[in-house]
Amino acid sequence: MEGGYSGKILFIDLAGSKTDRKELEVRLVKNFLGGFGINNRLAFDLIRPGTKWFAPENPIILGAGPFVGVLPGASKLVGTTKMPNGFIRTAVGGGGMGAMLKLAGFDHLVITGRAKKPVYLKIFDDDASIHDAGELWGKNIYETADWLWSKNGRECSLIAIGQAGERLIPISLAFIDKQNGSFGKGGLGAVMGSKNLKAIVIKGTTGIKIAQKKIFSKVFDDILHSVKTWEELQVVREFSWFAQEKFNKWTKRLGGVPSKNARTVYPKEKLKERFQETWEKQVNRTFLPCVGCPVSCKYKLELNEGENAGLVAYARPPSVMLMAGELNLEDWSQCLQFFDFVNKHGIDRHTAALLISWAVELYEREIINQEDTDGLILKHDYDTTINLLEKILKREGFGDILASGWKTAIKRIGRNSERYAVQVKGITPALDPRHLKFGTAILSEAINPGAHNAPGSSPSTLADSNIDAFEAWCDRANIPQGARKRIFSDRGNSLNIGRLTKHVEDWIHAQDCLGICIHGEIQRFYTGKNMVTIYSALTGIDISADELLKAGERAHNLERALNAREGYGREYDSVPQRWLEPISAKGEEFPASDYFETKNITKSDIDRFIEDYYEERGWDPRTGNPLNAKLKELELEFVMQDVKNPALKKPKHI
Amino acid sequence: MNLSKKIVYHPEKCAGCLLCSMRCSLAYEGLVNPLKARVTIQRRISGPSEIRFTDECNSCGICTKACTYGALVLEKGGI
């Protein structure tokens, strides 16, 4: 490779304090591109079937694709491991860590083993060393980041866990660069904690080579010119999710956003009064873009009035709206206190929020009572939220049940509590088909082991786009004409979500391999066509738009095969029962709807979406796993045997 | 030093994305390396924003074209 890639993989064994470096093989690059693709290929060799998430041999595989650190909007670090939900899955995070890893000379970092005592890992260019973290253990993520920067210089990038990860709480995650990117939905924080690994700090000074500087510089400038002249840039930056148009889209169908364990709605009038109309007065906002991001979707938010004036929290605007709604929070002060608590301690806010709401519903239904909750009266309000969060973090009493994550909490409570749990494969889905209608991101959440909740700018997540928007997306992503015929006319539907989802995922995974952010604000500047030009100019390797999509498809199939080898398959692809029940809003009942709101969605419709999806993917409708013909087409013959005869019996269904 | 142009910079507007350093190093080092650029940035996430120029900076303005936050602006008319 003449550029784009740094060319090496760093292996670190925390138990033996050993390091090893291997060349990044061209063969690996050509088949799997980088990031998500190569991570999965490494995982296939490194994660033995049946490995427990907390086992020392469970590797944490970090990767940064060829676009990371060299292009606008390409900062994504991907992390693959056996997660506490039992699946091998990949988390994606922003910030500056991916760029720094590459600047230090590595495309991937593989961490195995368990240190005898708390440590942090320091990588300064080729020099990798393990350091005592006794002083940091017990500190939150803000304190840890500030301490590491004070010792190692502000130009370093870092990943750190909080007390939740240290205490092996399965709903914990890590953060990149203090709060520049959350990293590890599914429990990566706990996996780090199980290794006694408090943090990783990296500084790289080597530089990333470019194969054809002139062509590359032009596309770099062209993308930035497009960003600067994008008419919506300022709207997006000025808290776009509270801007009128997007706010109206998110509140249109239900007249609000889901609330109280997704049973009812937090009305838009209240959102307007408490949040939209007060943010300019009550909250100071500062952009916090990832490295290389010309748009910025993240903010440091500081409360500037009231008894909590000066409180700082980090959040994306849509998360503020959804969390306020779900937890029935009253104002900015309550909302920012919630974000402050979960973020600095390293708790997955979304999963925690739905676990808390679930507990409140169980309490209201008298499935649990004060004897179960250590005397607490549970309500959908701020006090209950903070009380339970504190108990979760301490793993204390009822808090320990929730802290153990969906699978164990359902088992420990029993009493048919699973019926009210809004979870898929032990992870809380971020979207709801009764709220935003049944689009591709929602189907992905039902099928994949903790899917992206961002859509890769497919128009189908934010409802109300017309059919032309889908055609335009297919043009941009270079979706083959044959597939378009199946997407747009098969079975007489105007749009076949099952078939479309396959192609959206392949597109997203191509970005995950390259390292491009999949938020719509960045995606709009990348097309199949310009990505081909960029890849060739950057790396010196020619590739076609079809091959890019094929690499995304290959990476996705390999992830499925990794989990097939663990015994997973068709019966794990499901939706929460709650999605099959109507949500109460505006005095009416709203069942899940198809994308164009022409009909209500039933269980059999969802089964059909899944069947269509499998068929489009070339997967066995019976097992839900890739057929040999597909594996052969993708040159993944080496996984055939494991897919056909999984090494393990089926894990317990959750 | 380019006497006909100057770069006006506003640390309070700098979001810390490093695109200016990336583009500068691409132009003058032939590779992307923010730490080797003629304009270096301390990211806001780790403390106060800082913008510094090395002695080699000739005010070519390529960094200003990469800035989408209004922190770097090329002005004509001498230093």
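Model, not experiment: these values are computed from the prediction. (Residues numbered from 1 in each chain as written. Chains lettered and ligands numbered in written order. Predicted model: local features only at pLDDT ≥ 70, side-chain atom pairs only at ≥ 80, totals over all residues. Heavy atoms only, no water.)

## Topic: the overall build of chain B
Stage number 1. Helix and strand counts for chain B come out as 2 helices and 5 strands.
Stage number 2. Helices (α) and strands (β) of chain B occur, in sequence order from the N terminus, as β-α-β-β-β-α-β.
Stage number 3. What you see for chain B is a C-alpha radius of gyration of 12 Å, in line with the 12 Å of a compact globule of 79 residues.
Stage number 4. Projecting the C-alpha coordinates of chain B onto the three principal axes gives extents of approximately 35 × 30 × 20 Å.
Stage number 5. Going through the 79 residues of chain B one by one, you find that 54% of them count as buried.
Stage number 6. When contacts within chain B are restricted to residue pairs at least 6 apart in sequence, long-range pairs at least 24 apart make up 59% of them.
Stage number 7. A total accessible area of about 3,600 Å² is found for chain B, and carbon and sulfur atoms account for 51% of it.
Stage number 8. Each charge class in chain B can be summarised by its mean position, and for the 11 positive and 6 negative side chains these summaries are 7 Å apart. (Helix = DSSP H or I, 4+ residues; strand = E, 2+ residues; numbered from the N terminus. Rg over C-alpha atoms; globule rule 2.2 N^0.38 Å. Buried < 20%, exposed > 50% of the residue type's maximum accessible area, 1.4 Å probe, protein only. Contact = heavy atoms within 4.5 Å. Areas by Shrake-Rupley, 256 points an atom, 1.4 Å probe, with all protein chains shown as cover. Lys, Arg positive; Asp, Glu negative; His and termini not counted. Charge placed at Lys NZ, Arg CZ, Asp CG, Glu CD.)

## Focus: the overall build of chain A
Stage number 1. Helix and strand counts for chain A stand at 27 helices and 20 strands.
Stage number 2. A compact globule built from 654 residues would reach a C-alpha radius of gyration of about 26 Å, and chain A, at 23 Å, matches this within 12%.
Stage number 3. Over its C-alpha atoms, taken along the principal directions, chain A stretches across nearly 65 × 60 × 55 Å.
Stage number 4. Element-wise, carbon and sulfur atoms account for 47% of the exposed surface of chain A, whose accessible area totals about 22,300 Å².
Stage number 5. Computed over 89 positive and 83 negative side-chain charges, the inter-centroid distance for chain A is 3 Å.

## As for the sheet that holds strand β3 (residues 60-64) of chain A
All names here are of chain A.
Stage number 1. Strand order in the open sheet formed by 6 strands is β2-β1-β6-β3-β4-β5, and the pairing between neighbours is mixed. Each edge of the open sheet is held by one strand with a lone partner, namely β2 (18-23) and β5 (88-93). Within this sheet the neighbouring strands show an average axis-to-axis angle of 15°, counted without direction.
Stage number 2. Where strand β1 (residues 8-13) lies against strand β6 (residues 108-112), 5 bridges are found, and the strand directions are parallel. (Pairing = 2+ DSSP bridges. Axes fitted to C-alpha atoms, helices over the stretch in contact; angles between N-to-C directions.)

## Considering the pairing of strand β17 (residues 299-303) of chain A
Residue and element names in this part refer to chain A.
Stage number 1. Burial along β17 is one-sided: Tyr299, Leu301 and Leu303 are buried, while Lys300 and Glu302, pointing the other way, are not.
Stage number 2. Looking at chain direction, β17 and strand β18 (residues 312-315) are connected through 4 bridges and run antiparallel. Bridge assignment links Lys300 to a residue of β18, and that residue is Tyr314.

## A short note on the sheet that holds strand β11 (residues 181-183) of chain A
All names here are of chain A.
Stage number 1. The strand order across the open sheet formed by 6 strands is β8-β7-β12-β9-β10-β11, and the pairing between neighbours is mixed. Edge positions in the sheet fall to β8 (127-132) and β11, since each of these pairs with one other strand and no more. Neighbouring strand axes in the sheet, compared pairwise and without regard to direction, differ in orientation by 20° on average.
Stage number 2. Of the strand pairs in this sheet, strand β7 (residues 119-124) and β8 are connected by 6 bridges, and their pairing is antiparallel.

## Description of unusual backbone geometry
Residue and element names in this part refer to chain A.
Stage number 1. At Asn261, a position not held by glycine, the phi torsion is positive, near 60°.
Stage number 2. By the secondary structure assignment, Asn261 is in the loop between β14 (256-259) and β15 (264-267).
Stage number 3. One non-glycine residue with positive phi stands out, namely Asn328, at about 60°.
Stage number 4. Its place among the elements puts Asn328 in the loop between α12 (317-327) and α13 (332-345).

## Considering the interface of chain A and chain B
Stage number 1. The interface is formed by 43 residues belonging to chain A together with 29 residues belonging to chain B.
Stage number 2. Both sides together, the interface formed by chain A and chain B hides about 2,800 Å², and carbon and sulfur atoms give 61% of it.
Stage number 3. Our count for the contact surface shared by chain A and chain B stands at 3 salt bridges.
Stage number 4. The salt bridge involving Asp177 of chain A is made with Arg43 of chain B; its shortest N-O contact spans 3.2 Å.
Stage number 5. Elements that contribute at least two residues to the side of chain A that touches chain B include exactly β13 (208-209), α7 (213-228) and β16 (283-287) of chain A.
Stage number 6. Residue contributions to the side of chain A that touches chain B peak at 8 residues, all from α7 of chain A.
Stage number 7. Taken together, the residues that form the side of chain A that touches chain B break down as 20 nonpolar, 13 polar and 10 charged. (Buried area = accessible area lost by both parts, 1.4 Å probe. Salt bridge = Lys/Arg side-chain N within 4 Å of Asp/Glu carboxyl O. Nonpolar A, V, L, I, M, F, W, Y, C, P; charged D, E, K, R; others polar.)

## Some details on the confidence of the model for chain B
Stage number 1. Averaged over all residues, the pLDDT of chain B equals 91, while 92% of them reach at least 70.
Stage number 2. Here strand β1 (residues 5-9) of chain B is the element of chain B with the lowest mean pLDDT, 91, and helix α1 (residues 19-28) of chain B is the one with the highest, 98. (pLDDT = per-residue confidence, 0-100.)

## Here's the deal with the packing of α7 of chain A against helix α23 (residues 528-539) of chain A
All names here are of chain A.
Stage number 1. Relative to each other, α7 and α23 sit at 140°, their axes nearing to 8 Å. Considered as vectors, α7 and α23 are oriented oblique to each other. Handedness of the crossing formed by α7 with α23: left-handed. Contacts between α7 and α23 involve Ile215, Phe216, Val219 and Ile223 on the former and, on the latter, Thr533, Ile534, Ala537 and Leu538.
Stage number 2. A breakdown of the residues in the contact of α7 with α23 according to their chemical character gives 7 nonpolar, 1 polar and no charged. (Parallel < 35°, antiparallel > 145°, perpendicular 65-115°, else oblique. Left-handed = near helix turned anticlockwise from the far one by under 90°.)

## Quick look at the nonpolar core
Residue and element names in this part refer to chain A.
Stage number 1. Membership of the largest hydrophobic core comes to 223 residues, with the highest contact counts inside it found for Phe67, Leu71, Ile123, Ile159, Ile200, Phe216 and Trp358.
Stage number 2. The element contributing the most residues to this core is helix α14 (residues 349-364), with 10 residues.
Stage number 3. Beyond its immediate sequence surroundings of up to four residues, Phe67 is in contact with Ala74, Lys102, Leu514, Ile516, Met531, Ile534, Tyr535 and Leu538.
Stage number 4. Core analysis: the second largest hydrophobic core is formed by 17 residues, Ala133, Trp147, Val201 and Val312 among them. (Core = buried A, V, L, I, M, F, W, Y, C linked by side-chain atoms within 4.5 Å.)

## Considerations on the environment of Gly30 of chain B
Stage number 1. Note that Gly30 of chain B resides in the loop between α1 and β2 (31-32).
Stage number 2. A relative accessible area of 28% means that Gly30 of chain B is categorised as partly exposed.
Stage number 3. It is 25 Å that separates the C-alpha atoms of Gly30 of chain B and Tyr69 of chain B, two residues lying 39 residues apart in sequence.
Stage number 4. Setting aside residues up to four positions removed in sequence, Gly30 of chain B forms contacts with Ile210 and Lys213 of chain A together with Ser25 of chain B.

## A word on the packing of aromatic side chains
The geometry of an aromatic ring pair is captured by two quantities: the separation of the ring centres and the angle between the planes.
All names here are of chain A.
Stage number 1. Using the criterion set out here, one finds 22 aromatic pairs over all chains in the structure.
Stage number 2. Pairing Phe216 with Phe220 gives two aromatic rings, centres 6.4 Å apart and planes at 50°, and the pair type is tilted. On the criterion of helical spacing, the pair formed by Phe216 and Phe220 is a turn pair, its members being 4 residues apart in helix α7. As far as the burial class goes, Phe216 and Phe220 line up, both buried.
Stage number 3. Ring geometry for Phe275 against Trp332: centres 5.3 Å apart, planes inclined by 70°, an arrangement best described as edge-to-face. Residue Phe275 is found in helix α10 (residues 268-276), and its partner Trp332 is found in helix α13; the two are separated by 57 residues along the sequence.
Stage number 4. You can call Phe275 buried: its relative accessible area is 0%. (Phe/Tyr/Trp six-rings, centres within 6.5 Å; stacked < 30°, edge-to-face > 60°.)

## A word on the side chain of Asn40 of chain A
Residue and element names in this part refer to chain A.
Stage number 1. The topology assignment puts Asn40 in helix α2 (residues 35-46).
Stage number 2. Residue Asn40 is classed as buried on the basis of its relative accessible area of 0%.
Stage number 3. Residue contacts for Asn40: discarding those within four places in its chain leaves Thr80, Thr90, Ala555, Leu558, Glu559 and Leu562.

## Some remarks on helix α25 (residues 603-617) of chain A
Residue and element names in this part refer to chain A.
Stage number 1. The end-to-end C-alpha separation of α25 is 21 Å, in line with the 21 Å expected for 15 residues at 1.5 Å each.
Stage number 2. Buried residues along α25 sit in contact with α18 (440-447), α20 (481-489), α21 (497-514), α24 (545-565) and α26 (628-633).
Stage number 3. Gly618 sits one or two residues past α25 and shows a positive phi near 80°. (Expected span 1.5 Å × (residues − 1).)

## Overview of the packing of α7 of chain A against α1 of chain B
Stage number 1. It is at 11 Å that the axes of α7 of chain A and α1 of chain B come closest, and there the two elements cross at 155°. When the axes of α7 of chain A and α1 of chain B are compared, the pair comes out roughly antiparallel. As for how α7 of chain A packs across α1 of chain B, the hand of that crossing is left-handed. Where α7 of chain A abuts α1 of chain B, its residues Lys213, Phe216, Ser217, Phe220, Asp221 and Leu224 of chain A lie against Leu19, Met22, Arg23, Leu26 and Ala27 of chain B.
Stage number 2. Taken together, the residues of the contact of α7 of chain A with α1 of chain B break down into 7 nonpolar, 1 polar and 3 charged.

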